[in-house]
Amino acid sequence: MSHQITTSQEAITFLTAGNATVTLVSKVSGDHMTFKITKPWDHKTNKRDFGSDMFFVNQLTGDPNADDYKNYIGFFKTGNLIAGKKGKPDSKGFKAFDWAWSKINSGEIPNQLEILHSGNCCRCGRRITHPDSLARGIGPECIKHF
């Protein structure tokens, strides 16, 4: 079952948990993009550095079940998204996440924005990210079996 995030505080808590996957949906166009927001990796402990105030943002570019988040778009600490040396500030994903994050950080979730955290298919357990699949709780391949 998917969960729609409805308050800015809930969104901030979710997005800064350290290993979040979130789908942003435009209620105007129906377009959606999925992002993974993670804390940096501490190679000494071989775990996420949950003490760090930095977060990395990657955009889903392929198969959500293969964790295909190879499109690094930037990072943030407590403020705005920053592209850094390897980020992509001109990309659609960067602009979308930056806009959404700045609104969330200012205490609002605009009416034209829907924020969904990704769930798993109730049939096969694989990750689902498409808004229709999230609303149903079942992926596009598994729905064919019903």
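Data block above holds the structure.
Residues numbered from 1 in each chain as written. Predicted model: local features only at pLDDT ≥ 70, side-chain atom pairs only at ≥ 80, totals over all residues. Heavy atoms only, no water.

## Considering the pairing of strand β3 (residues 32-38)
Every regular strand shows the same layout, with side chains that alternate between the two sheet faces.
For step 1, the next point in the chain: When you tally the buried positions in β3, you get six out of seven residues, the bulk of the element.
For step 2, the next point in the chain: Across seven bridges, strand β2 (residues 19-26) lies against β3 in antiparallel orientation. Note that in β3 the partner of Ala20 across the bridge is Ile37.
For step 3, the next point in the chain: Taking the residues that link successive antiparallel strands as the turn, the β2-β3 hairpin has five residues, and the phi of Gly30 there is positive, at about 85°.
For step 4, the next point in the chain: In the sheet, β3 pairs with strand β6 (residues 55-59) via four bridges, with the strands oriented antiparallel. Bridging across to β6, Lys36 finds its partner in Asn58. (Buried < 20%, exposed > 50% of the residue type's maximum accessible area, 1.4 Å probe, protein only. Helix = DSSP H or I, 4+ residues; strand = E, 2+ residues; numbered from the N terminus. Pairing = 2+ DSSP bridges.)

## Observations regarding the side chain of Gln59
For step 1, the next point in the chain: For Gln59, the location among the structural elements is in strand β6.
For step 2, the next point in the chain: We classify Gln59 as buried; its relative accessible area is 11%.
For step 3, the next point in the chain: Not counting chain neighbours up to four residues away, the residues in contact with Gln59 comprise Met33, Thr34, Phe35, Asp68, Tyr69, Lys70, Asn71, Ile73 and Gly93. (Contact = heavy atoms within 4.5 Å.)

## Quick look at the sheet that holds strand β7 (residues 71-76)
For step 1, the next point in the chain: Sheet architecture is open: six strands sit in the order β1-β8-β2-β3-β6-β7, paired in antiparallel fashion. The open sheet terminates on both sides in strands that have one partner only, identified here as β1 (3-5) and β7. Recorded for the sheet is a direction-independent mean angle of 30° between the axes of neighbouring strands.
For step 2, the next point in the chain: Where β6 and β7 come together, five bridges link them in antiparallel fashion. Of the residues in β7, the one forming a bridge with Phe55 is Phe76.
For step 3, the next point in the chain: Contacts between helix α2 (residues 92-105) and the sheet are confined to β2, β3, β6, β7 and β8 (113-117), with β3 contributing the most and set at about 70° to the helix. (Axes fitted to C-alpha atoms, helices over the stretch in contact; angles between N-to-C directions.)

## Quick word on the packing of helix α1 (residues 8-15) against α2
For step 1, the next point in the chain: For the pair α1 and α2, interaxial distance at closest approach is 9 Å and the crossing angle is 120°. Classed by the angle they form, the pair α1 and α2 counts as oblique. Taken as a pair, α1 and α2 cross one another with a handedness that is left-handed. Of α2, the residues touching α1 (which contributes Ser8, Ala11, Ile12 and Leu15) are Trp101, Ile104 and Asn105.
For step 2, the next point in the chain: Broken down by class, the residue content of the contact of α1 with α2 amounts to five nonpolar, two polar and no charged. (Parallel < 35°, antiparallel > 145°, perpendicular 65-115°, else oblique. Left-handed = near helix turned anticlockwise from the far one by under 90°. Nonpolar A, V, L, I, M, F, W, Y, C, P; charged D, E, K, R; others polar.)

## Re α1
For step 1, the next point in the chain: When we look at burial in α1, the residues that qualify are Ser8, Ala11 and Leu15. The arc that holds the buried residues of α1, viewed along the axis, is 60°, so those residues lie on one side.
For step 2, the next point in the chain: Next to the buried residues of α1 lie β1, β2, β3, β6, α2 and β8. (Arc of directions from axis to C-beta.)

## Brief notes about unusual backbone geometry
For step 1, the next point in the chain: With a phi angle near 60°, Asn46 is a residue other than glycine that sits in the positive phi range.
For step 2, the next point in the chain: With respect to the helices, strands and loops of the structure, Asn46 is situated in the loop between β4 (41-42) and β5 (47-48).

## So, the state of the cysteines
For step 1, the next point in the chain: Per the stated rule, a full pass over the model turns up zero disulfides.
For step 2, the next point in the chain: Just so you know, Cys121 is unpaired, no disulfide at all, and the nearest cysteine sulfur is the one on Cys142, 3.8 Å from it.
For step 3, the next point in the chain: Residue Cys121 is classed as buried on the basis of its relative accessible area of 5%.
For step 4, the next point in the chain: On the basis of relative accessible area, Cys142 is assigned to the buried category, the value being 7%. (Disulfide = S-S within 2.5 Å.)

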